[in-house]
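What the coordinates show
Spelled out, the chains give:
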Amino acid sequence: MPYRDSVTSSPRPSPVIELIRARRSTASRADGHRLVLVVEGGGSRGVYSSGMVSALEELGLASIFDAVYGTSAGAINGAWLLSGRAISGMRSWTDPAIMRRAVDPTRFLRGQPPFDLRYLVHQVYDGIEPMDFDAILANSTTLHPIATDTHTGHAVDLHPHITDKHTLMRALRASAGLPILAGPPVRIGDRAYFDGGLAESVPIRSAVGSAATHALVLRTRRVDERRPPASLLHQIVGGGYLRATAPGAYRAWIERRSQQDIEDRVLADLGESVLQIRPPLGSPDVDAASRDTALLGEALGIGRRAVLTALADTVASM
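Residues numbered from 1 in each chain as written. Predicted model: local features only at pLDDT ≥ 70, side-chain atom pairs only at ≥ 80, totals over all residues. Heavy atoms only, no water.

**Quick look at the overall build of the protein**
In terms of helices and strands, the protein carries 14 helices and 9 strands. Since a compact globule built from 318 residues should have a radius of gyration of about 20 Å, the 18 Å found for the protein is in line with a globular shape. Projecting the C-alpha coordinates of the protein onto the three principal axes gives extents of approximately 55 × 40 × 40 Å. Here the protein holds 318 residues, and 54% of them are scored as buried. Element-wise, carbon and sulfur atoms account for 55% of the exposed surface of the protein, whose accessible area totals about 13300 Å². Across the protein, the mean location of the 35 positive side-chain charges is 3 Å away from that of the 33 negative side-chain charges. (Helix = DSSP H or I, 4+ residues; strand = E, 2+ residues; numbered from the N terminus. Rg over C-alpha atoms; globule rule 2.2 N^0.38 Å. Buried < 20%, exposed > 50% of the residue type's maximum accessible area, 1.4 Å probe, protein only. Areas by Shrake-Rupley, 256 points an atom, 1.4 Å probe, with all protein chains shown as cover. Lys, Arg positive; Asp, Glu negative; His and termini not counted. Charge placed at Lys NZ, Arg CZ, Asp CG, Glu CD.)

Next comes the structure, spelled out in structure tokens:
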């Protein structure tokens, strides 16, 4: 049975929309189902899902999910939703000062990582544009940041390691920690982790493995958009670094070209239990390292409108 997404029309609502409608109507999740939100990663391309989660908050749908699974920027966006500050938290994407500091390619020339995740998580999210970490920890909807184990190369759900604000912040950094671009791997317990996108960019397999019955999946790529091949420089520098320091992550890295096909097949096999929302055809490409605040602002709005288009009738019809 083919999967549904926001570009597919149907005379009847999908089971996911019906479940969303029922849960919002009753303000209860006691229906025997496990509805999860799955948020794709993608570095700065995650601005699309930032707009999407802000629309979920705007529609009053933040509390209907049993769990939120996110990779990289998707994990961060999921955290914003569960903090209750998704709308205000998205302002950082269009703040030139924040983006220049968070993504600075010239740092690479000085031997420093271009992405400053410590600045984002520990200064922006804990001061300049505060994320309510205590609200996330207290939320009955659980947060599941996905990272890549540097030793095995497998996707790992970091939820069991989150016990307080400190471990939550560390899990967000681990999930978004691109090799080289964001510095060394993040250690949690006796393991080290890189960006979850190396092993599972769309963490649907992790969600299904935890007994999800229905999933709303927020995508950051258009339906016609493919993952571009790594540049020769990236293959030489990045591949060489991973092969020498993180053999498991290296194996995951060299298999990334097929990852999109694998995840799309898993989503398709789940049939109508999955509803995908994507940036519409014609939406601009957003590079994973973009800091163009005009482009990011445009993509933020597109992501918001994609969710409003797909789900607003669900709320209005109640």
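Right, picking up where we left off after that structure.
**Focus: helix H3 (residues 73-83)**
Buried residues dominate H3, accounting for 11 of its 11 residues. What H3 keeps buried is the set Ala73, Gly74, Ala75, Ile76, Asn77, Gly78, Ala79, Trp80, Leu81, Leu82 and Ser83. Residue Gly84 follows H3 closely and has a positive phi angle near 80°.

**Focus: the side chain of Thr220**
On the secondary structure map, Thr220 appears in the loop between strand S8 (214-218) and helix H11 (232-245). Taking relative accessible area as the criterion, Thr220 reaches 0% and is therefore assigned buried. There is a polar contact of 3.1 Å between the side chain of Thr220 and the side chain of Arg45. (Polar contact = N/O pair within 3.5 Å; in protein donor to acceptor, adjacent residues only side chain to side chain.)

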